[in-house]
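Coordinate analysis (summary)
Single-letter residue listing:
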Amino acid sequence: MEEGARSCLLLSRSSLEQDIRASYLMDHMISDGVLTGDEEDRIRSKLTRREQATALLELLLRKDNQAYISFYNALVRESYGDLASLLHNSLPLVSPEAEKSFSDGGTRYVQAVLSEGGVPQRPVVFVSRSALVNRVREKLYRLQKEPGWVTVFGMAGSGKSVLAAEAVRDHALITESFPGGVHWLSIGQLDRADLLVRIQSLCFRLEQQSQEKDPSSSLHRPPGSLEEAKERLRFLMLRRYPRSLLVLDDIWDSSVLKAFDIQCRVLLTTRDRSLADCVSGSKSEVAVESGLEEDQALEILALYVNGKPQRLPEQARSIVRECKGSPLVVSLIGALLREFPDRWAYYLHTLQQKKFKRIRKSSSYDYDALDQAMAASIQVLSEEHRELYIDLTVLEQDVKVPAKVLSVLWDLELEEVEDVLQDFVNKSLLFRDCHHRPYLYYLHDLQLDFLTEMNRSGLESLHTKVVRQYQQRYSQGPPTSGDEECLYWFRFLTYHMAKANLTQELYSLMFSLDWVRTKAQIMGPAHLINDYVEYGAILDKENSEVRGHFQEFLSLNGHQLEQRPFPDVVQLALSQPESSEVYRQALLQAQERATRGGLYLDWVNKSSLKSLSRLVVQPHQGSIYSACFSHDGTKIASCGSSKTLRVFKSTSGEKLLEIQAHDDDVLCCAFSPDDHLLATCSSDRKVKVWSGTLPSAIQILDRLQTDLVVYLCNYSFCVLWNINKPSSQNTMFGHLEPVNHCCFSPDDAYLSTSSSDGTLKLWEVSSANEWKSIDVADVFPEQREQTEVIVKCSTWSADGRTIICAARNAVFVFDIETEAMLLEIRTSRLSTVQYCHACPSSKLVAIALSHYAVELWDIETSKKMADCSGHLSWVHGVQFSPDGSLLLSWSDDQTVRAWETNKVHTSSAVCLKRDSDVLFNNGDITVVAADNRNRLQVRNGRTGAVMFQSEDQESRIRCTAICTQTSAVGLGREDGTIQVLEVPSGASLATLQGHTRTVLHCQFTPEGHTLITSSEDTTIRVWRWRTGECVVLEGHKEQVRCFSLLTTSPSSETHLLSWSFDGTIKVWDMSSGERLQDLVCHQGAVLACDVSPDGQLFATTSADKTAKVWSRASWQCVRLLNGHQDCVRSCRFSWDGRRLATGDDNGEIRLWNVKDGTLLKICSRDNKDAMDSLHGGWVTDLHFSPDNTVLLSTGGYIKWWNVEKGEALQTFYPTGANLKRIHVSPDFSTFGGIAH
């Protein structure tokens, strides 16, 4: 320290020891970095105030010039103006060390000006917020020509004072705009007497500085009143310091600010944005964000502990996130950690537990603890507003609310509420999101935490108030406007009920189908499912079974509830088991609506069907190519043709994260072992690694430059990468064709690769050497020469002893040690295996198939354990959860499905094929169809009970028929054989040989003596099945998929109408086999035909996108119906013959006037569904009601239409894929079909 400064301290020592309070001054000096925590503790250990002052001065005498300047500034800031004047003349010049601390635009001149004006030095730990600093400086430059006000506002602890001090620490700003100096005055919460003392101190300092520059000027006596002080200050600022800046730090009250309304240049910091409204002159403002950027906050913590941000423990990042980067909290905790560097976990826990009193003063801040700073902000409110502010304790963290919600809570007019909220915003007690209209309001986490801690004992009553106010406002029903207020109530009403312990209200709400319908329509199903999960413990106390009913209903129908137009929830609920509370409520509502003309369908045999399905979600618009569980099983990630990556909860489907990940299809996604990272690869030839919580890419890597664990490109080699290195670790060469898939062994020692060259190779990871090679193509010797064998994928058993791979329509299990094939699983020859995955906890293996199914097999017993049906298109993949309890599947139908493997039962592996026949007889319903084990089954349609089951057939069953006159059923097989069996004995009544290829359709004539069959061999055969006599109808050039009897009169029963892929219609005499007519109808295949009820007309539809109406009298086309944009697959005349309905592969249905061929109506949705269709797929069948007012259509789902209006009356969603055909009872009351 310079000798002059030391001498001045010694001369003034007695006066200083007598008056100063050392504890007040030390906070400033610690902030300036001239005093350490240990030194502060030694001084505080002294028993009396005077002893503390003596110890501080003794310590100060041993320090440098910077300490002297800091002590002087502390005296000024703590209003010891008279004592500061004793030291002023001996202020030393800036030291070389101090010069360094003013490197950002500071000079000796700047330091001298700021020191004289009492501007605080930079904190010892300082991180620049340059954008904010520049914004303040920009506003200050505007004061260069005329007086005015710049307001820097923000919540408690946001760093306003440091920001203001940093803004004036600029040589150009001071010399150009404020050559008269910068004068800092700390205000805080003051009464009039204290305010007078502060202004007296400022005036004394200004007069003293003026006298030094002009000895002729004299010091005046201190002003005796506030009015006199204001005038004295006005004189000094206008006459002696005309171009100076007055900085008023921490202004709380407008009456205090008015004392400085003296036509000078003022920079003020405040929590109340509106304070400057009470003074005159030009005004501008700068808002200070409540939190630092994460990297800035981490830098501060690192500076406090003398470390580097990247080397801080994980708790550092958690502390920053917990306090939302509050500069106050970060600085307080940083200062504490400087003394106790091992307390990271303790201070994080303290923050999380809201124990603010433990985060005590360790800086120059004005309050002893964080809770005092928060309380001070609230205390300035009026008593009425304080009570309203306390009500905000009920808000959820990070939730923004519109004023309408608080209008309900406070029972005030909306305009009055907006005025109150504006007051809170002005005082930095509340934040407003101006990007929304109307505005949304929210609390900073620290404010909410403080309110919660302060009102902990009254939380239940506060939440009760919310619920009661809502019930009073919406006594007639919930809001349905869909605005922000409506969304708030639907999202958080259950939360408030649970917090208020209003269990009965919560039961009534969540066990209500009306609530489910309305909330699902407004918010989607995921939030609903999440409610049943989150409040499950409360709901289970009332009735766990009912809670399960509602949760299961939403989990399995959630993807339907995402559709627009919104489906009829009552109809969906009628598909629930009859024991379900959801079904019971739906049935009552359906019965009531039916009395008013509503149409509802009750699923008769649903009790006989069991499902493994646990959750169905539709996360993307487009095919889904990959999905995976997180390693803790709580999350699911999915990606696909939408180019996005989405993460959602595995319990409810609630979206957690959505990222526009790539510029092309995203082919694969995977979680890192700790679930903190996600990796994606894409057709854009890039691999990206993402944060698991933020939509930001950590690395974007071009082909062959990545830090993913394994990256496979469409080449004949595999590249293995180290996640911590920018270059590849190992490249594995050996395949001759593209590599399709790779998989690590359970111990990560080996890697399996599957290739289009027909081989499965195993590699040592450490050396990248080929270990074993299995030629899977050898298993297909008869086909190898004809077509290539592509090995799609592989998976390891849990014990790592076997490897399972998929190729074509089969899955193979190989012993790794011997390379011997242990098991071969052959699926349908019409399907291909897309993917397979072994369960980590059992002997199950899941198989994804192109025919829309997922199969579960036990590889130990070689038995199929379950057939999981429900997808509406190709299933691209499957994956078990880490514990094996769930199975994930994803498909082109845009859905991801989760299946419960612990519900696996053998009966679920048996399902019926879609080629079926149904007999309605006096209320009885009989269904005949083949099952997936190639047995013929006859079932009771109402109960699902099996009435008859045949032995396994030698060849696949392709069609079935019921004889209405005798207890007989017919079946046609792929090998061309037809069998007629007696039911229920199963005795063979006839075996008919003659067709050389697959029998596609069979039908008994009404009297039951004749069986007609059509085949891929282009022929139709008319059998006297008891005797085996046969008439062959030959003439078609391509397969004959169907035919129709012409039954307008008894004589015409011998006539038959057939159609074929050859584009022709042919009419036959069944008795003689004579071809009566041969019509070339279409340029494409004829897909459907229907005869009018009077037999005078028939209609044909074709792959050429047209439909035609033909006259039976002239055998000429009388109507050409154009307009469909896709293959026309179905048609049906109305019973009065006036209308014709046609359906196409796009899902569109058209109604035509038969008389003149005009288009009457187009029946379709407003938009395409998940299957890129207007009907969930092809329209495969159509039926009119007997009164011609209702039309029934089938596709991916079943719909009933109002014929006159062309509007949908009802939709039924089956559990499986497209219905091939639907059977209708004569009275149009019962409908039967098989969805698989």
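Residues numbered from 1 in each chain as written. Predicted model: local features only at pLDDT ≥ 70, side-chain atom pairs only at ≥ 80, totals over all residues. Heavy atoms only, no water.

The protein goes by Apoptotic protease-activating factor 1 in an unreviewed UniProt entry, where it is assigned to Hucho hucho. UniProt lists a comment for the protein under the heading Subunit (unreviewed entry), and it reads "Monomer. Oligomerizes upon binding of cytochrome c and dATP." You can read under Subcellular location (unreviewed entry) in the UniProt record for the protein the words "Cytoplasm". (UniProt positions renumbered as here; feature names shortened; annotations may be inferred.)

1. Some words on the overall build of the protein
Looking only at helices and strands, the protein features 33 helices and 65 strands. Oriented by its inertia axes, the alpha-carbon framework of the protein measures out at about 140 × 75 × 55 Å. Classification of the 1236 residues of the protein by burial places 58% in the buried group. A sequence separation of at least 24 residues applies to 52% of the contacts in the protein between residues at least 6 apart. In the protein, 131 positive and 159 negative side-chain charges are present, and the distance between their average locations comes to 3 Å. (Helix = DSSP H or I, 4+ residues; strand = E, 2+ residues; numbered from the N terminus. Buried < 20%, exposed > 50% of the residue type's maximum accessible area, 1.4 Å probe, protein only. Contact = heavy atoms within 4.5 Å. Lys, Arg positive; Asp, Glu negative; His and termini not counted. Charge placed at Lys NZ, Arg CZ, Asp CG, Glu CD.)

2. Quick look at the UniProt feature "repeat: WD" (unreviewed entry) in the protein
Mapped onto this numbering, the UniProt entry gives "repeat: WD" (unreviewed entry) at residues 659–691, 732–773, 868–909, 992–1033, 1033–1078, 1079–1111 and 1121–1162. The annotated region residues 1121–1162 carries 0% helix and 52% strand content, and the separation between its end C-alpha atoms amounts to 13 Å.

3. Details of the sheet that holds strand β60 (residues 1181–1184)
Ordered in space as β60-β61-β62-β63, the 4 strands form an open sheet in which the pairing is antiparallel. Looking at which strands have only one partner, the edges of the open sheet turn out to be β60 and β63 (1207–1212). Strand after strand, the sheet turns through a mean of 20° between neighbouring axes, direction not considered. Judged from the 5 bridges that link them, strand β61 (residues 1190–1194) and strand β62 (residues 1198–1202) form a sheet pairing that is antiparallel. By the bridge assignment, Leu1192 is partnered in β62 with Trp1200. (Pairing = 2+ DSSP bridges. Axes fitted to C-alpha atoms, helices over the stretch in contact; angles between N-to-C directions.)

4. Here's the deal with the sheet that holds strand β55 (residues 1117–1121)
Think of a sheet as strands paired side by side through backbone hydrogen bonds, with each pair either parallel or antiparallel. The sheet built from 4 strands is open, its strands ordered β52-β53-β54-β55 with antiparallel pairing. Strands at the two margins of the open sheet, each flanked by one partner only, are β52 (1086–1091) and β55. Direction aside, neighbouring strands of the sheet carry axes that sit 20° apart on average. Sheet topology note: the strand β53 (residues 1097–1102)/strand β54 (residues 1107–1111) ladder contains 5 bridges and is antiparallel. Looking at the pairing, Leu1097 lines up with Ser1111 of β54.

5. Focus on the packing of helix α28 (residues 513–523) against helix α29 (residues 525–534)
Packing of α28 against α29 leaves a shortest axis separation of 7 Å and a crossing angle of 130°. By the angle between their directions, the pair α28 and α29 is classed as oblique. Where α28 approaches α29, its residues Trp515, Val516, Lys519, Ala520 and Met523 are matched on the opposing element by Pro525, His527, Leu528, Asp531 and Tyr532. (Parallel < 35°, antiparallel > 145°, perpendicular 65-115°, else oblique.)

6. Section: the packing of aromatic side chains
Taken as a whole and assessed by the stated rule, the structure comprises 23 aromatic pairs. Between the aromatic rings of Tyr346 and Tyr347, the centroid separation amounts to 5.1 Å while the plane-to-plane angle is 65°, which identifies the pairing as edge-to-face. Under the relative-accessibility criterion, Tyr347 is labelled buried at 2%. The ring of Tyr346 carries the charged tip of Arg343 above its face, separated from the ring centre by 5.7 Å. (Phe/Tyr/Trp six-rings, centres within 6.5 Å; stacked < 30°, edge-to-face > 60°. Lys NZ or Arg CZ within 6 Å of the ring centre and 35° of its normal.)

7. Quick look at empty space enclosed by the protein
In total, this model carries 7 cavities of 30 Å³ or more according to the counting rule given. The calculated volume of the second largest cavity comes to roughly 80 Å³. Lining the second largest cavity, in full, are Met155, Ala156, Met374, Ser377, Ile378, Tyr389, Ser428, Leu429, Gln447, Phe450 and Leu451. Of all the secondary-structure elements, those providing two or more residues to the lining of the second largest cavity are α20 (370–379) and α24 (445–454). Of the residues assigned to the lining of the second largest cavity, the class counts are 8 nonpolar, 3 polar and no charged. (1 Å grid on protein atoms, 1.4 Å probe; cavity = no way out; pocket = protein on both sides within 12 Å on 5 of 7 lines; lining within 4 Å. Points joined across faces, edges and corners; volume = space filled by probe spheres on them. Nonpolar A, V, L, I, M, F, W, Y, C, P; charged D, E, K, R; others polar.)

8. Here we look at the nonpolar core
Formed by 117 residues in total, the largest nonpolar core has its most connected members in Tyr389, Leu392, Trp410, Leu421, Phe424, Trp489 and Phe553. In terms of residue count, helix α26 (residues 484–499) provides more of this core than any other element does, 9 residues in total. Setting aside residues up to four positions removed in sequence, Trp489 forms contacts with Val405, Val408, Val466, Tyr470, Tyr474, Pro479 and Trp515. Of all hydrophobic cores here, the second largest spans 31 residues; its members include Ala5, Ala22, Ala53 and Tyr68. (Core = buried A, V, L, I, M, F, W, Y, C linked by side-chain atoms within 4.5 Å.)

9. A look at the pattern of salt bridges
Overall, the coordinates contain 52 salt bridges when judged by the stated rule. Put simply, Asp170 and Arg137 hold a salt bridge, and the shortest N to O gap is 3.7 Å. Remark: Arg137 occurs in helix α10 (residues 130–141) and Asp170 occurs in the loop between α11 (160–167) and α12 (171–177); sequence separation between them is 33 residues. Through salt bridges with shared partners, one network takes in Arg13, Glu17, Arg50 and Glu58. (Salt bridge = Lys/Arg side-chain N within 4 Å of Asp/Glu carboxyl O.)

10. Some remarks on unusual backbone geometry
In this structure, the amide linkage connecting Arg437 to the following residue, Pro438, adopts the cis form with an omega of -5°. Tracing the backbone through its elements, the reader meets Pro438 in the loop between β7 (431–433) and β8 (440–442). The amide bond that connects Val983 to the next residue, Pro984, takes the cis arrangement and shows omega of 10°. As for its placement among the helices and strands, Pro984 is situated in the loop between β42 (978–982) and β43 (988–992).

11. Structural notes on a negative patch on the surface
Taken together, the side chains of Glu384, Asp411, Glu413, Glu415, Glu416, Glu418 and Asp419 make up a negatively charged region of the molecular surface. Looking at which element gives the most residues to the negative patch, the answer is helix α23 (residues 414–426), with 4 residues. Relative to the elements of secondary structure, Glu418 occurs in helix α23. (Patch = residues over 30% accessible without salt bridge, like charges linked within 9 Å, V, L, I, M, F, W, Y side chains within 5 Å. Areas by Shrake-Rupley, 256 points an atom, 1.4 Å probe, with all protein chains shown as cover.)

12. Quick look at the confidence of the model for the protein
The predicted model of the protein averages 86 in pLDDT, with 91% of residues at 70 or higher. When the criterion is pLDDT under 50, residues 361–365 qualifies, and its contacts beyond four places in sequence or with other chains add up to 18 contacts. For residues 701–714, every residue scores under 50 in pLDDT, and the model assigns this stretch 48 contacts once sequence neighbours within four places are set aside. (pLDDT = per-residue confidence, 0-100.)

13. Some thoughts on helix α19 (residues 344–352)
Because the α-helix completes a turn every 3.6 residues, residues three or four places apart line up on one side. When α19 is considered as a whole, its buried residues turn out to be Trp344, Tyr347, Leu348, Thr350 and Leu351. Burial along α19 is one-sided: seen end-on, the buried residues are contained in an arc of 160°. Next to the buried residues of α19 lie α16 (294–304), α17 (314–322) and α18 (327–339). Of the residues trailing α19, Lys354 is marked for its positive phi of about 60°. (Arc of directions from axis to C-beta.)

14. A look at the pairing of strand β51 (residues 1075–1080)
The two faces of the sheet receive side chains in turn, since in a regular strand these alternate between them. Relative to β51, strand β50 (residues 1064–1069) is paired through 5 bridges, and the arrangement is antiparallel. The residue of β51 that forms the bridge with Ile1065 is Leu1079.

15. Here we look at the packing of helix α5 (residues 49–61) against helix α6 (residues 65–77)
Two numbers describe how α5 lies on α6: the axes approach to 9 Å, and their chain directions differ by 145°. Each of Leu56, Leu57 and Leu60 in α5 lies in contact with α6, whose residues at this interface are Ala67, Tyr68 and Phe71. Here the residues of the contact of α5 with α6 are counted per class, giving 6 nonpolar, no polar and no charged.

16. Some thoughts on the side chain of Ser797
Within the secondary structure, Ser797 sits in the loop between β25 (791–796) and β26 (802–807). Here the side chain of Ser797 touches Asp799 through a polar contact of 2.7 Å, side chain to side chain. Here the side chain of Ser797 touches Thr802 through a polar contact of 2.8 Å, side chain to side chain. For Ser797, the residues in contact, after removing those within four places along its chain, are Pro746, Thr802 and Ala838. (Polar contact = N/O pair within 3.5 Å; in protein donor to acceptor, adjacent residues only side chain to side chain.)

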